[in-house]
Amino acid sequence: MNNNQVEIVIFEEKHFIGVPVTVAFQKHDPERIKEANQIFLTRKNEIKGIINEHEYVCPHFANDVLFTYIYCMEVSEISDIPDGMLGFNVPSQRYAKVSSTDQDPYKLIKSYLKAKGLENNTRSLALEVFRFGEHQNINNASIFVPLL
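The model shown is predicted, which means the values in this text are computed figures rather than measured ones. (Residues numbered from 1 in each chain as written. Predicted model: local features only at pLDDT ≥ 70, side-chain atom pairs only at ≥ 80, totals over all residues. Heavy atoms only, no water.)

Peer 1: For this particular structure, what's the right way to read the overall build of the protein chain?
Peer 2: The number of helices and strands found in the protein chain is 2 helices and 8 strands. Of the regular secondary structure in the protein chain, the N- to C-terminal order runs β-β-α-β-β-β-β-α-β-β. Its C-alpha atoms give the protein chain a radius of gyration of 15 Å, within 12% of the compact-globule value 15 Å for 148 residues. If one aligns the C-alpha atoms of the protein chain with their principal axes, the spans along those axes are about 45 × 35 × 30 Å. (Helix = DSSP H or I, 4+ residues; strand = E, 2+ residues; numbered from the N terminus. Rg over C-alpha atoms; globule rule 2.2 N^0.38 Å.)

Peer 1: Would you mind going over the pattern of salt bridges with me for this structure?
Peer 2: When their charged atoms lie close together, side chains carrying opposite charge are able to pair. A full pass over the atoms with the stated rule returns 4 salt bridges. Linking K97 and E7 is a salt bridge whose minimum nitrogen-to-oxygen distance equals 3.7 Å. Here K97 is found in strand β6 (residues 93-99), whereas its partner E7 is found in strand β1 (residues 7-11), with 90 residues between them in sequence. Classification of E7 by relative accessible area gives partly exposed; the value is 38%. Measuring nitrogen to oxygen at the nearest pair gives 2.8 Å for the salt bridge that ties R43 to E46. (Salt bridge = Lys/Arg side-chain N within 4 Å of Asp/Glu carboxyl O. Buried < 20%, exposed > 50% of the residue type's maximum accessible area, 1.4 Å probe, protein only.)

Peer 1: When you look at the environment of K44 in this model, what are you seeing that I'm missing?
Peer 2: Tracing the chain through its elements places K44 in the loop between α1 (30-43) and β3 (55-62). Residue classification places K44 among the partly exposed residues on the basis of a relative accessible area of 23%. For the pair formed by K44 and Y56, sequence separation is 12 residues and the distance between their alpha carbons is 9.7 Å. Contact partners of K44, with chain neighbours within four places excluded, come to I50 and F132. (Contact = heavy atoms within 4.5 Å.)

Peer 1: Help me understand the packing of aromatic side chains, please; the structure alone is not making it clear to me.
Peer 2: A ring pair, where both rings are aromatic, is described by two values, the distance of the centres and the angle of the planes. Evaluated as defined, the whole model comprises 12 aromatic pairs. Sitting above the plane of the F132 ring, K44 keeps its charged end 4.7 Å from the centroid. (Phe/Tyr/Trp six-rings, centres within 6.5 Å; stacked < 30°, edge-to-face > 60°. Lys NZ or Arg CZ within 6 Å of the ring centre and 35° of its normal.)

Peer 1: Would you mind going over α1 with me for this structure?
Peer 2: Note that an α-helix has 3.6 residues per turn; residues three or four places apart therefore point the same way. Compared with an ideal rise of 1.5 Å per residue, which puts 14 residues at 20 Å, α1 spans 20 Å between its outermost C-alpha atoms and is within 8% of the ideal. Within α1 the residues assigned to the buried category are I33, A36, N37, F40 and R43. Projected onto a plane normal to the axis of α1, the buried residues spread over an arc of 145 degrees and lie on a single side. Opposite its buried face, α1 presents the exposed residues E31, E35 and T42, each directed more than 90 degrees away. Against the buried residues of α1 lie β2 (14-24), β3 and β4 (66-75). (Expected span 1.5 Å × (residues − 1). Arc of directions from axis to C-beta.)

Peer 1: Help me out: how do you make sense of the sheet that holds β2 in this one?
Peer 2: The strands making up a sheet are joined through hydrogen bonds of the backbone, oriented either antiparallel or parallel. The strand order across the open sheet built from 8 strands is β1-β6-β8-β7-β3-β4-β2-β5, with neighbouring strands paired in antiparallel fashion. With one partner strand each, in any of the chains shown, β1 and β5 (86-90) form the two edges of the open sheet. Sheet twist, expressed as the average angle between the axes of neighbouring strands with direction ignored, equals 35 degrees. α1 rests against β2, β3 and β4 of the sheet, and its axis sits at about 150 degrees to β2. (Pairing = 2+ DSSP bridges. Axes fitted to C-alpha atoms, helices over the stretch in contact; angles between N-to-C directions.)

Read these as layout, nothing more, since geometry by itself doesn't imply function.
Quick look at the structure:
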């Protein structure tokens, strides 16, 4: 997965069910994020209609005050949302995608967007896609940044 190449992809509408966590930037709280991850891993079998059992998706968004991260499974439709979880749709969207093992993928995408005159759609969700069984780190994920 060491291609470091940014590409533009388009996803049709996607459906997710998962465990959200919101933290304040001023008080970095990695324990709350780890706790949400553990809840997700323990309860993911309660999610119905999973599209790919081998990977999970972490949509996220942030502003200057808060950061929200959601441990999710992509599903075929939103139905029967387990208690304490969140179900939502992400509309069709164009993304800059990169997978990197040796550089910060967000810096790669930012540089690519600047060079191509493209802009991040800050009103949409970025996606991090991880495979089960691998350490969760942005350097072994596929990163998708939404575009205007």
